[in-house]
Each structure stands twice: as structure tokens, then as C-alpha cells.
Amino acid sequence: MTARKSPPLLLSRISMKRSLAGPLLGGTVASLTMRCPGADGPNEDSAAILPINSDCAVMAVADGVGGHRGGERASKLALKFLASSLEQASHEEAGVDGDWRGAILRGFEGANSAVLAEVPGAATTLAVIETDGRFVRPYHTGDSAILITGQRGRIRLRTIAHSPTGYAIESGMIDERDAMVHSDRHLVSNVIGSVEMRVEVGSQLELARRDTLVIASDGLFDNLTVDEISETVRAGQLTDAVDALAEAARAAMDAGAPDDLTIVAYRRG
């Protein structure tokens, strides 16, 4: 097995004015996190970029719920257990064949047990991408979402939010704009920190060159439509695109749903 080439990047900060970027598996990754405008409490979002070895990496966004320090701690615990599970698998024979699904799922389960035991009453979402730079596989619990768009704006993947409004959008009962102002928009039906927690695992998808992948908390998807996100992030330098996406979401929050905002984006080279 090839040793890990670079240390993990963990994000959980009050605010970042500009996105951070760097190379990853032949492509580019950019990330940004911002506290809810006008909020006095901590940023309850966390994000991680976890290079496992020269052939694989995992990217994740967690959005803590429960208010104040409980949500912040829950989101950090989710990433801690995900990283720990991957680290353990990287030293075991199970990880040699490149199948990291078991380790990722154990990370979800470990995080769920830890949040239930250590932060009762709090919870967190968790959206994860496993990639070798060419193929990706999505995993998620909650309403932090994953989107993949082509260079010309074709939506190749959009995960369904585990929430009443998420299911309503998917079924065609309401559109995205109506969901943004719906009274139930903040309800989440599946979280880490619940005895009924489940993980939705998607099929493996091959990225085309210049495809852009976005993992983000609901601070993005509750304020911008999928088409608006795709149009903003699909072209140009990735850091500029992520900064523009954050600026558009923050502007929409003035009349929409103020929230913490975290974005991790990856573009295949």
C-alpha cells in the first residue's frame, strides 16, 4: 500500500473570507466555511479533506444540529470517527484492494454511537465522497447534499435531502423555490445522533474531465437552486467559483434562510 501523501485538512472555523485550494488526485479541491450571518454562537459546520493514499481520498461535510456547542461538537465527532476509521483501514489488509466502503460506513456508525453517548440531544448531518480522482461514490445522512455538474451545466448527480421538503422536491410536490420558504424547511428526518440513523450509499459514477463536484451544508442548498449552483460553479477557476457561490448564498440569506455555510468542491483535471 502507498503511504498517505499529505495530512488531512479539517475545517471548523468561525469564518473564512476566501476559499482554500490545492491539488488532489490529479484535480483541484477548494473549500470554504462561514458562520451564519449575525449569529453569536459557533459555526456548527465542519468539513474534511482526507487523502488516504496516492490513489484515494475522502471529502466530507457535516452540519451540526441541536444548537450552540452541541451541534458544533456533533459535527466534529462525525469527522473524527470518519477519519479514524479510514486511518485504521489504511493499515489493514482490507484497504489494500481500494474498497473503502466498509471503513466509511464504520465511520458513520462510530460517529452515531459517539454522538448519542457524548452529546445527547444534539445531532449532525454527514455527506461524504470517496474518490480516486476519476470515479466517485456518494454517502450521506441528512440534508447536507452532493451535486455533480458538467462543464456545460448538465446535472450528473444530486443527492436527495433526508427531509420533508427534500422528499417533496424529489416527488414533484413542490419546487425548490417553494421549499426555501416552507415552514418545514429546517426539519431533518435522518441524522447522526439517532437510533434510527441510516446511510444512503450511491452508485459509483465516473467523472468526466472538468466535471465539478460540490458537497455542501444546507446553508447553500436552502438559499440557491441547483441550477444557480451549477451555473456559478461549473466554469472558471475553482477557487473563484467557490467564492462566487458563497457570495451568492450569503446575499440570498438576507431575504432567505440565514445559516452556517460550508462548501467543498472538487474538479477533475
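In this text, all values refer to a predicted model and were calculated from it rather than measured experimentally.

(A) Focus on the overall build of the protein chain. When you go through the protein chain residue by residue, the secondary structure sums to seven helices and 14 strands. Its C-alpha atoms give the protein chain a radius of gyration of 17 Å, near enough to 18 Å, the size a compact globule of 269 residues would have. Taking the principal axes of its C-alpha atoms as reference, the protein chain extends roughly 50 × 45 × 35 Å. For the protein chain, the proportion of its 269 residues judged to be buried stands at 52%. Looking at the protein chain alone, contacts between residues at least 24 apart form 70% of all its contacts between residues at least 6 apart. Split by element, the accessible area of the protein chain, about 11700 Å² in all, is 49% carbon and sulfur. The protein chain carries 27 positive and 36 negative side-chain charges, and their two centres are separated by 6 Å.

(B) Examining the packing of helix H6 (residues 226-233) against helix H7 (residues 238-253) more closely. Orientation of H6 relative to H7, taken along the N-to-C sense of each, is 145 degrees, at an axis distance of 8 Å. Residues Ile229, Thr232 and Val233 of H6 pack against Ala241, Ala244 and Leu245 of H7. Of the residues assigned to the contact of H6 with H7, the class counts are five nonpolar, one polar and no charged.

(C) Up close: the sheet that holds strand E9 (residues 145-149). The sheet built from six strands is open, its strands ordered E2-E3-E14-E13-E9-E10 with antiparallel pairing. Each edge of the open sheet is held by one strand with a lone partner, namely strand E2 (20-24) and strand E10 (155-158). Each strand axis lies, on average, 15 degrees off the axis of its neighbour in the sheet, ignoring direction. Taken together, the three bridges between E9 and E10 define a ladder with antiparallel strand orientation. Bridge pairing links Thr149 to Ile155 in E10. The strands that H6 touches are E9, E10, strand E13 (212-216) and strand E14 (261-267); relative to E9, the one it contacts most, it runs at about 55 degrees. H7 contacts E2, strand E3 (27-34), E13 and E14 of the sheet and is inclined by roughly 150 degrees relative to E14.

(D) Expanded view of H6. Buried residues of H6: Val226, Ile229, Ser230 and Val233, and no others. The arc that holds every buried residue of H6, seen down its axis, measures 95 degrees, which confines them to one face. Every exposed residue of H6 that faces more than 90 degrees away from the buried side is listed here: Asp227 and Glu231.

(E) How the structure looks around the pairing of E14. With seven of seven residues buried, E14 lies mostly within the body of the structure. What you see with E14 is no split at all: Leu261, Ile263, Ala265 and Arg267 on one side and Thr262, Val264 and Tyr266 on the other are buried throughout. Across seven bridges, E3 lies against E14 in antiparallel orientation. Paired with Ser31 across the bridge in E14 is Val264. As defined by bridge partners, E13 adjoins E14 across five bridges and the pair is classed as antiparallel.

(F) Representation of the nonpolar core in the model. Counting 28 residues, the largest nonpolar core has Leu86, Ile104, Leu126 and Val128 as its most contacted members. At the level of secondary structure, the elements contributing two or more residues to this core comprise strand E4 (45-53), strand E5 (56-65), helix H1 (68-90), helix H2 (101-118) and strand E7 (126-131). Per element, the largest residue contribution to this core is seven residues, and it comes from H1. If we skip the residues at most four places from it in the chain, Leu86 touches Leu50, Ile52, Val58, Trp100, Ala103 and Ile104. If you look at the next biggest cluster of nonpolar residues, it comprises 23 residues, including Ala216, Ile229, Ala246 and Leu261.

(G) Seen up close, the pattern of salt bridges. Following the criterion strictly, the structure yields nine salt bridges and no others. Note that Arg134 is salt-bridged to Glu206, the shortest N-O span being 2.7 Å. Taken together, the residues span a long stretch of sequence, with Arg134 in the loop between E7 and strand E8 (135-141) and Glu206 in strand E12 (residues 205-206) at a distance of 72 residues. Taking relative accessible area as the criterion, Glu206 reaches 33% and is therefore assigned partly exposed. In this structure, Arg158 and Glu176 form a salt bridge, with 3.9 Å as the shortest nitrogen-oxygen distance. With Arg158 in strand E10 and Glu176 in helix H4 (residues 176-180), the pair connects residues that are 18 residues apart, well separated along the chain. By relative accessible area, Arg158 is classed as partly exposed at 36%. Within the structure, one salt-bridge network assembled from shared partners comprises Arg18, Asp240 and Asp243.

(H) Spatial organisation of the side chain of Asp222. Looking at the secondary structure, you find Asp222 in the loop between helix H5 (218-221) and H6. Beyond its immediate sequence surroundings of up to four residues, Asp222 is in contact with Met180, Arg185 and Ala257.

(I) View of the pairing of E9. Burial runs high along E9: five of the five residues are buried. Pairing of E9 with E13 involves five bridges; the strand directions are antiparallel. Bridge pairing links Thr149 to Thr212 in E13. In sequence, E9 turns back onto E10 through a hairpin of five residues, with Gly153 there showing a positive phi of about 100 degrees.

Thresholds applied
- Per-chain numbering applies: the sequence of each chain, read as written, is numbered from 1 onward.
- Local features in this predicted model are restricted to residues of pLDDT 70 or higher, and side-chain atom pairs are both shown and tallied only at a pLDDT of 80 or more, whereas totals for entire chains, interfaces and linings draw on every residue.
- The basis for every side-chain value is the complete set of heavy atoms in the structure, and neither hydrogens nor water enter the calculation.
- Where helices and strands are cited, they refer to DSSP runs of H or I of at least four residues and of E of at least two residues respectively, numbered from the N terminus.
- Put simply, the radius of gyration uses C-alpha atoms, and a globule should come to 2.2 Å times the residue count raised to 0.38.
- Only protein chains enter the accessibility calculation, which uses a 1.4 Å probe; a residue is then buried when its area is under 20% of its type maximum, exposed when over 50%, and partly exposed in between.
- For this analysis, residues touch if any pair of their heavy atoms sits within 4.5 Å.
- Here the open area of atoms and residues is found with the Shrake-Rupley method and a 1.4 Å probe, where only the protein chains shown may cover a residue.
- We count Lys and Arg on the positive side and Asp and Glu on the negative side, and we leave His and both chain ends out.
- Think of each charge as sitting on NZ of Lys, CZ of Arg, CG of Asp or CD of Glu.
- Orientation is described by axes fitted as lines to C-alpha atoms, over the contacting stretch for helices, and by angles from 0 to 180 degrees between their N-to-C directions.
- By the convention adopted, Pro, Cys, Tyr, Trp, Phe, Met, Ile, Leu, Val and Ala count as nonpolar, Lys, Arg, Asp and Glu as charged, and the other residues, Gly among them, as polar.
- Should DSSP find at least two bridges between two strands, the strands are regarded as paired.
- In this context, the arc is that of the directions from the helix axis out to the C-beta atoms.
- By nonpolar core we mean a set of buried residues, namely Ala, Val, Leu, Ile, Met, Phe, Trp, Tyr and Cys, connected to one another through side-chain atoms within 4.5 Å.
- Basic side-chain nitrogens of Lys or Arg form a salt bridge, by our definition, when they fall within 4 Å of a carboxyl oxygen of Asp or Glu.

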